[in-house]
Amino acid sequence: MAGGGFPVAGGAPPGDYGGGITFSVVVTCLMAASGGLIFGYDIGISGGVTAMESFLAAFFPGVLRRMAAARRDEYCVYDSHVLTAFTSSLYLAGLAASLAAGRVTRAVGRQAVMLAGGALFFAGAAVNAAAVNIAMLIVGRMLLGFGIGFTNQAAPVYLAETAPAKWRGAFTTGFQLFLGIGNLAANLTNYGAARIPRWGWRLSLGLAAAPASVILVGALLISDTPSSLLVRGRVEQARAALRRVRGAKADVDAELEGVARAVEAARANKEGAYRRILWRQHRPHLVMAVAVPLLQQLTGVIVIAFFSPVLFQTAGFGSNASLMGAVILGAVNLGSTLVSIATVDRYGRRVLFLTGGLLMIACQVAVAWIMGSQIGRDGESAMARRYSVAVLALTCVFSAAFGWSWGPLTWVIPGEIFPVEIRSAGQGISVAVNLGATFVLTQTFLAMLCSFKYATFLYYAAWVAVMTAFVWAFLPETKGVPLEAMGAVWARHWYWRRFVLPPPAAKDAMLPEVLVN
């Protein structure tokens, strides 16, 4: 069954607790969401730097020699395992950090983990800017990865736990908004730094310290979440933090009581969070923790986000024009994230997933057709300018569709679906899968482009079709559902209800009108 409604009798749902959008919750969530800046900056900076001739001359001269060859396969110019290791090493380190962060977050809180992530990213930026050999580049990238692993684990959970249920999707999407801002800032930096001979790449890599400073300052200015404070026994601090973000009109005591019940239920169980997430009743949570971030990477966003300058050069643009194309792409992605923020709590998560997926499939197929007909299998034909522009336009449409669907919602869904007893572990697994998949795909994409040629885009289009079908069949709508009532969503799903225990009737009454598969 594809959908259905479960209305609640008149009035606001009890899970709303009367809280509204306060100045404090906006400021607090913006500061937490700024954790996305460092991830976005790194995504944008990596592909641009690897397209700079000064950077390639210093560390990867073999790529430059292939670029200068009279006869060359456009698909294979950048096929270098060492070059891809420069990009992908960050994500291997991030995978390890995100798994460790799941345990650390429960012990010291979300705020402290975001602070540690910002400090590690700052250190990595300094090492990369001063690099004199590939070893220093890799060490710097690993420090950046540790920073990203910590912040990507803590920030989305912080946002989900702090935002009011009614607007949780919009606030959690703020992480992707800042990721887009960081990405656009990186592309603009690359475009300017490419004009500085010899050391422009150092400027691009070193300026990663700027977004790291933002998250450091932001983490110092915000308090921890009420859930995290209660887990560590700080009841009065939790009440004060909740009152500050909910405002004077909210029933803070009632909401705190609901959170406390969930925390006490978690404490009553002696099993560790990573062991508990394997239990049968947590099967849907574990599947989504793995499937959503994995499928996000299989959209083909890796082609767009990391290697867009390389892609545009393959499609016939010059070095500077390809960097400007990346800037345009970053701006489109940022604008589409604003669309997601405005619509995610009105139309729900599923609608954005499905519309974005269908549009991405069309764009990938069209790019494959253009590159196949213009460059061919041998990669030695030049692409006419109008077709190069068409590739840029289709890539922008793809980026927009991703920006309102799989981009932000990959952070929204894992942050809101887990019960409090496995929330840190679940988010840690989700981030680890995301970064692990990113590592594999960044390490293999350029070789895949060289081997599969234009069929690379058909490969990703097929995966987008699979994931769109997966969302339609298995992902329930979570719009507006309070975190402590999320169990009822799974209990009513046509497939997942066979795994989860029926929620108490009291929790059923807290559900607003939602669409359930």
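Here's what I pulled together on the structure shown here. (Residues numbered from 1 in each chain as written. Predicted model: local features only at pLDDT ≥ 70, side-chain atom pairs only at ≥ 80, totals over all residues. Heavy atoms only, no water.)

Glancing now at the overall build of the chain. What the chain contains, in helices and strands, is 24 helices and zero strands. By the burial criterion, 58% of the 517 residues in the chain qualify as buried. Taking as baseline every contact in the chain between residues at least 6 positions apart, the subset at least 24 positions apart corresponds to 81%. Split by element, the accessible area of the chain, about 18,500 Å² in all, is 67% carbon and sulfur. (Helix = DSSP H or I, 4+ residues; strand = E, 2+ residues; numbered from the N terminus. Buried < 20%, exposed > 50% of the residue type's maximum accessible area, 1.4 Å probe, protein only. Contact = heavy atoms within 4.5 Å. Areas by Shrake-Rupley, 256 points an atom, 1.4 Å probe, with all protein chains shown as cover.)

The subject of this paragraph is the packing of aromatic side chains. Counted by the stated rule, this structure contains 18 aromatic pairs. Ring centres of Tyr-495 and Trp-496 lie 4.9 Å apart, and the angle between their planes is 75°; this geometry places the pair in the edge-to-face category. With relative accessibility at 23%, the residue Tyr-495 sits in the partly exposed group. When its relative accessible area of 4% is taken as the criterion, Trp-496 is described as buried. Each member of the aromatic cluster is reached from another via a ring pair, and the members are Phe-470, Phe-474, Trp-490, Trp-494, Tyr-495, Trp-496 and Phe-499. Arg-195 extends its terminal NZ or CZ atom over the ring of Tyr-191, reaching a point 4.0 Å from the ring centre. (Phe/Tyr/Trp six-rings, centres within 6.5 Å; stacked < 30°, edge-to-face > 60°. Lys NZ or Arg CZ within 6 Å of the ring centre and 35° of its normal.)

With that settled, consider the packing of helix H1 (residues 23-33) against helix H8 (residues 168-193). At a minimum axis distance of 8 Å, the contact between H1 and H8 shows a crossing angle of 40°. Here H1 lies oblique to H8, going by the angle between them. H1 and H8 meet at a crossing whose hand is right-handed. On H8, the residues touching Val-25, Val-26, Cys-29, Leu-30 and Ala-33 of H1 are Phe-171, Gly-174, Phe-175 and Phe-178. (Axes fitted to C-alpha atoms, helices over the stretch in contact; angles between N-to-C directions. Parallel < 35°, antiparallel > 145°, perpendicular 65-115°, else oblique. Left-handed = near helix turned anticlockwise from the far one by under 90°.)

In this section: H8. In this model H8 runs 38 Å from its N-terminal to its C-terminal C-alpha over 26 residues, within 8% of the 38 Å that 1.5 Å per residue would give. Phe-175 marks where H8 bends most, by close to 30°. Across the 26 residues that make up H8, a large majority, 21, are buried. (Expected span 1.5 Å × (residues − 1). Bend = angle between axes of the 7 residues up to and from the residue.)

On to the pattern of salt bridges, then. What the rule picks out here adds up to eight salt bridges. Residue Asp-224 is joined to Arg-232 by a salt bridge in which the shortest nitrogen-to-oxygen separation is 2.5 Å. Relative accessible area serves as the criterion here: at 7%, Asp-224 is assigned to the buried category. Among the charged side chains, a salt-bridge network with shared partners connects Arg-168, Asp-345, Arg-349 and Glu-416. (Salt bridge = Lys/Arg side-chain N within 4 Å of Asp/Glu carboxyl O.)

It is worth spelling out a positive patch on the surface at this point. Together, Arg-280, Arg-283, Arg-497 and Arg-498 make up a region of like positive charge exposed at the surface. For Arg-280, the location among the structural elements is in the loop between helix H14 (273-276) and helix H15 (283-305). (Patch = residues over 30% accessible without salt bridge, like charges linked within 9 Å, V, L, I, M, F, W, Y side chains within 5 Å. Lys, Arg positive; Asp, Glu negative; His and termini not counted. Charge placed at Lys NZ, Arg CZ, Asp CG, Glu CD.)

Generally speaking, soluble globular proteins have nonpolar side chains that are buried together. Phe-39, Phe-55, Phe-60, Met-114, Met-288 and Trp-406 are the most contacted members of the largest nonpolar core, which totals 119 residues. Tallying contributions element by element places helix H21 (residues 423-452) first for this core, with ten residues. (Core = buried A, V, L, I, M, F, W, Y, C linked by side-chain atoms within 4.5 Å.)

Next up on the list: the packing of helix H6 (residues 110-129) against helix H10 (residues 209-221). Direction vectors running N to C along H6 and H10 enclose 160°, while the axes themselves pass 8 Å from each other. The orientation of H6 relative to H10 falls into the category roughly antiparallel. The interaxial crossing formed by H6 with H10 has left-handed handedness. Across the interface between the two elements, Gln-111, Met-114, Leu-115, Gly-118, Ala-119, Phe-121, Phe-122 and Ala-125 from H6 touch Ala-209, Ala-212, Ser-213, Ile-215, Leu-216, Ala-219 and Leu-220 from H10. Of the residues assigned to the contact of H6 with H10, the class counts are twelve nonpolar, three polar and no charged. (Nonpolar A, V, L, I, M, F, W, Y, C, P; charged D, E, K, R; others polar.)

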